[in-house]
Amino acid sequence: QVQLVESGGGLVQPGGSLRLSCAASGTIISIGGANWYRQAPGNQRELVARITSDGSTNYADSVKGRFTISRDNAKKLVYLQMNSLRPEDTAVYYCNADIRSSYFRGFTGYWGQGTQVTVSS
């Protein structure tokens, strides 16, 4: 059974930083693309950042220059470094990844349970 578990959320003042981690566990042969999404109350879930299996990255315009997504394939970890945080970054942040857990199947998308990030003074 594959699981994704996020950590690192919390309360931070505007202008502060947080680093989110997403740990994959279970029977994993390989991890393909991975993403961070966020959802604020009353809003739809939105894509924040994406990283491919070879390390290429894309960001939402609202976080470009402030957030950095990275991955450690050996440790099965995906990170989101968030700097210069703003109140509008407040949301539940979710990790999503395409994972192959069997040689007889292709990649399947998995989601974590989310971690709350609150930016407030």
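Everything below is about the structure shown above.
Just so it is clear, the structure is predicted and the values come from calculations on it, not from any experiment. (Residues numbered from 1 in each chain as written. Predicted model: local features only at pLDDT ≥ 70, side-chain atom pairs only at ≥ 80, totals over all residues. Heavy atoms only, no water.)

A.B. asks: Help me understand the pairing of strand 9 (residues 91-100), please; the structure alone is not making it clear to me.
C.D. replies: Regular strands place their side chains on alternate faces of the sheet. Most of strand 9 sits out of view: seven of its ten residues are buried. Looking at chain direction, strand 4 (residues 30-39) and strand 9 are connected through eight bridges and run antiparallel. In the strand pairing of strand 9, R38 is matched with Y93. As judged from the three bridges shared by strand 9 and strand 11 (residues 115-119), these two strands associate in the antiparallel manner. If you follow Y93 over to strand 11, its bridge partner there is T115. Across four bridges, the pairing between strand 9 and strand 10 (residues 108-111) is antiparallel. Across the sheet, residue I99 finds its bridge partner in strand 10, namely T108. (Buried < 20%, exposed > 50% of the residue type's maximum accessible area, 1.4 Å probe, protein only. Helix = DSSP H or I, 4+ residues; strand = E, 2+ residues; numbered from the N terminus. Pairing = 2+ DSSP bridges.)

A.B. asks: How should the packing of aromatic side chains be read in this particular structure?
C.D. replies: Two measures describe an aromatic ring pair: the distance that separates the ring centres and the angle between the ring planes. Overall, the coordinates contain one aromatic pair when judged by the stated rule. Here Y37 and W111 contribute two aromatic rings whose centre-to-centre distance is 5.0 Å and whose plane-to-plane angle is 50 degrees, an arrangement assigned as tilted. In this pair, Y37 sits in strand 4 while W111 sits in strand 10, placing the two residues 74 residues apart along the sequence. Over the ring of Y94 we find R45, and its NZ or CZ is 3.8 Å from the ring centre. Directly above the aromatic system of W111 lies the positively charged group of R45, at a separation of 4.8 Å from the ring centroid. (Phe/Tyr/Trp six-rings, centres within 6.5 Å; stacked < 30°, edge-to-face > 60°. Lys NZ or Arg CZ within 6 Å of the ring centre and 35° of its normal.)

A.B. asks: Can you walk me through the pattern of salt bridges in this structure?
C.D. replies: Pairing is possible between side chains of opposite charge, provided their charged atoms come close. Within the structure shown, the criterion is met by four salt bridges. The partner of R38 in a salt bridge is E46, and the shortest N-O contact between them spans 2.6 Å. On the basis of relative accessible area, R38 is assigned to the buried category, the value being 6%. We note a salt bridge from R66 to D89, for which the minimum N-O separation is 2.8 Å. Residue R66 is found in the loop between strand 6 (57-59) and strand 7 (67-72), and its partner D89 is found in the loop between strand 8 (77-82) and strand 9; the two are separated by 23 residues along the sequence. Via salt bridges that share partners, R38, E46, R66 and D89 belong to a single interconnected network. (Salt bridge = Lys/Arg side-chain N within 4 Å of Asp/Glu carboxyl O.)

A.B. asks: Sorry, what's going on with the side chain of D89 here?
C.D. replies: On the basis of relative accessibility, which here comes to 1%, the residue D89 falls in the buried class. Separated by 2.8 Å, the side chain of D89 and the backbone nitrogen of R86 make a polar contact. Excluding its chain neighbours within four sequence positions, the residues that come into contact with D89 are R38, R66, F67, S84, V117 and V119. (Polar contact = N/O pair within 3.5 Å; in protein donor to acceptor, adjacent residues only side chain to side chain. Contact = heavy atoms within 4.5 Å.)

A.B. asks: Help me out: how do you make sense of the environment of L18 in this one?
C.D. replies: Here L18 is to be found in strand 3 (residues 18-25). A relative accessible area of 15% places L18 in the buried class. Counting along the chain gives 85 residues from L18 to Y103, while the straight-line C-alpha distance between them is 36 Å. The residues contacting L18, other than those within four sequence positions of it, are G8, G9, G10, V12, L80, Q81, M82, L85 and V117.

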